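Letter by letter, the chains look like this.
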Amino acid sequence: MHAVWSITLSLLVGWQADTAGLQQAIIDLGDNRIAVREQATQTLWKAGMVAEPLLKEALKSNDAEVRFRAKSLLDRFQYGVFADTPREVMLQIQQFRNGDISIRTKAIEDLAKLGRFETITALIQLESDPNQRQMLNQRVAQEMNGLLFQYLLDEQFDRAEKLVELLAVNDQSLLSMVTYYYLRGSLDQKIASWKTADGKPRDAVAARRLAYALRVQGDLAGARQMALATGDAVLVR
């Protein structure tokens, strides 16, 4: 028991020391010396999401330099750029953020080849222009089907599943996704993940997925209930 308490205390002391170090780094973002500011920025970047709450609080600072550096780091985190992010991934994210539709599409293709599907999803979701977001989703669907087929041929099912999720941007691709899970024998597990503990859909996206999933399983009453939850009269039919 004494050993357990010793380990717990050591972890707690270490956590407090780390937190104190990050808090000091936040203060140092506004230091008069540029070398100190740069070192603080690197410390917080290497800390990753652990530093996010402190950085969000730093946005309220009266110091413009602190606010600027905190926002810069939070922007990186939002786009999935961390200290351990591979250089080639960071390059593609930068290309996506600064390029036109053709460059952005190419960046998505390259990220997909690297297996960075969560990054692609985040990039598209962060697009503030709904027309651009819709166009990107359409281009992704057009370009990625061949890659999905190759993953299936190579039996890279983990990557295929992530790509199926990425491509599920309209009713036809949602049905394809649900059919894929059904054929893979994982549809029950997915249905459970789309529901809350009391059996309700987690959100509107989950409700739409459940409407198709339950229909594939033959539960037409359940599918209709989920379709009603989406508020889409066409889906209810």
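Conventions adopted
Residues numbered from 1 in each chain as written. Predicted model: local features only at pLDDT ≥ 70, side-chain atom pairs only at ≥ 80, totals over all residues. Heavy atoms only, no water. Axes fitted to C-alpha atoms, helices over the stretch in contact; angles between N-to-C directions. Helix = DSSP H or I, 4+ residues; strand = E, 2+ residues; numbered from the N terminus. Parallel < 35°, antiparallel > 145°, perpendicular 65-115°, else oblique. Left-handed = near helix turned anticlockwise from the far one by under 90°. Contact = heavy atoms within 4.5 Å. Phe/Tyr/Trp six-rings, centres within 6.5 Å; stacked < 30°, edge-to-face > 60°. Lys NZ or Arg CZ within 6 Å of the ring centre and 35° of its normal. Polar contact = N/O pair within 3.5 Å; in protein donor to acceptor, adjacent residues only side chain to side chain. pLDDT = per-residue confidence, 0-100. Salt bridge = Lys/Arg side-chain N within 4 Å of Asp/Glu carboxyl O. Buried < 20%, exposed > 50% of the residue type's maximum accessible area, 1.4 Å probe, protein only. Core = buried A, V, L, I, M, F, W, Y, C linked by side-chain atoms within 4.5 Å.

S.K.: Could you clarify how one ought to interpret the packing of helix α2 (residues 34-47) against helix α4 (residues 64-78) in this entry?
M.R.: Each packed pair of helices is defined by two parameters, the angle between the axes and the distance between the axes. Close contact between α2 and α4 brings their axes to 11 Å; oriented N to C, the two are set at 30°. The angle between the axes of α2 and α4 places the two elements in the roughly parallel class. Where α2 crosses over α4, the handedness of that crossing is right-handed. Where α2 approaches α4, its residues R37, E38, T41, L44 and W45 are matched on the opposing element by E65, R69, L73, R76 and F77.

S.K.: Is there a simple way to think about the packing of aromatic side chains in this case?
M.R.: The full count for this structure, using the stated rule, is 3 aromatic pairs. Each member of the aromatic cluster is reached from another via a ring pair, and the members are Y180, Y181 and W194. The lysine or arginine in question, R97, covers the ring of Y79, its NZ or CZ lying 4.0 Å from the ring centre. We note R184 situated over the ring of F157; from NZ or CZ to the ring centre the distance is 3.8 Å.

S.K.: Is there a simple way to think about the side chain of E127 in this case?
M.R.: Turning to its location among the elements, E127 is positioned in the loop between α7 (117-125) and α8 (130-153). Of the polar contacts made by the side chain of E127, one reaches the backbone nitrogen of D129; its length is 2.9 Å. For E127, the contacting residues outside a window of four places in its chain are R104, Q132, R133 and L136.

S.K.: Explain the confidence of the model for the protein here, please?
M.R.: One rule of thumb: low pLDDT means the predicted coordinates there are not for detailed reading. With 91% of its residues at a pLDDT of 70 or more, the protein shows a mean pLDDT of 83. Considering each helix and strand of the protein separately, the mean pLDDT is smallest for helix α1 (residues 2-28), with a value of 59, and largest for helix α11 (residues 187-193), with 92. In this model, residues 1-17 is a region of pLDDT below 50 whose contacts with residues beyond four sequence positions or in other chains number 0 contacts.

S.K.: Would you mind going over the pattern of salt bridges with me for this structure?
M.R.: For side chains bearing opposite charge, pairing can occur when the charged atoms are close. Under the criterion given, the structure shown has 12 salt bridges. Between R69 and E38 there is a salt bridge, with the nearest N and O atoms lying 3.0 Å from each other. Of the two residues, R69 is situated in helix α4 and E38 in helix α2; the sequence distance between them amounts to 31 residues. A relative accessible area of 38% means that E38 is categorised as partly exposed. Put simply, R104 and E127 hold a salt bridge, and the shortest N to O gap is 2.8 Å. On the criterion of sequence distance, the pair formed by R104 in helix α6 (residues 101-113) and E127 in the loop between α7 and α8 is long-range, its members being 23 residues apart. We note that R104, like E127, is buried.

S.K.: When you look at the side chain of D110 in this model, what are you seeing that I'm missing?
M.R.: By the element assignment, D110 lies in helix α6. Since its relative accessible area comes to 17%, D110 is described here as buried. Of note is the side chain of D110, whose polar atom sits 2.8 Å from the side chain of K106.

S.K.: Quick question: what am I supposed to make of the nonpolar core here?
M.R.: Across soluble globular proteins, nonpolar side chains show a tendency to be buried alongside one another. Judged by nonpolar contacts, the single largest core of 56 residues is most densely connected at L44, L55, I108, I120, L163 and M177. For this core, the leading source of residues is helix α12 (residues 204-216), giving 6 residues. Apart from the residues within four sequence positions on either side, I108 is in contact with F96, I120, I124, L136, V140 and M144.

S.K.: Can you walk me through the environment of T119 in this structure?
M.R.: Among the secondary structure elements, T119 is positioned in helix α7. What makes T119 buried here is its relative accessible area of 9%.

S.K.: In this structure, what is going on with unusual backbone geometry? I would like to understand it.
M.R.: For residues that are not glycine, phi is negative in most cases, and the peptide bond is trans in most cases. Despite not being glycine, E155 shows a phi value in the positive range, around 60°. Mapped onto the secondary structure, E155 falls in the loop between α8 and α9 (157-167).

S.K.: What's the story with the packing of α7 against α8 in this structure? I'm lost.
M.R.: Between α7 and α8, the shortest axis-to-axis distance is 11 Å and the interhelical angle comes to 165°. The angle between α7 and α8 places the two elements in the roughly antiparallel class. With respect to the hand of their crossing, α7 and α8 are arranged in left-handed fashion. Only R133, L136, N137, V140 and Y151 of α8 make contact with α7, whose side of the interface consists of F117, I124 and Q125.

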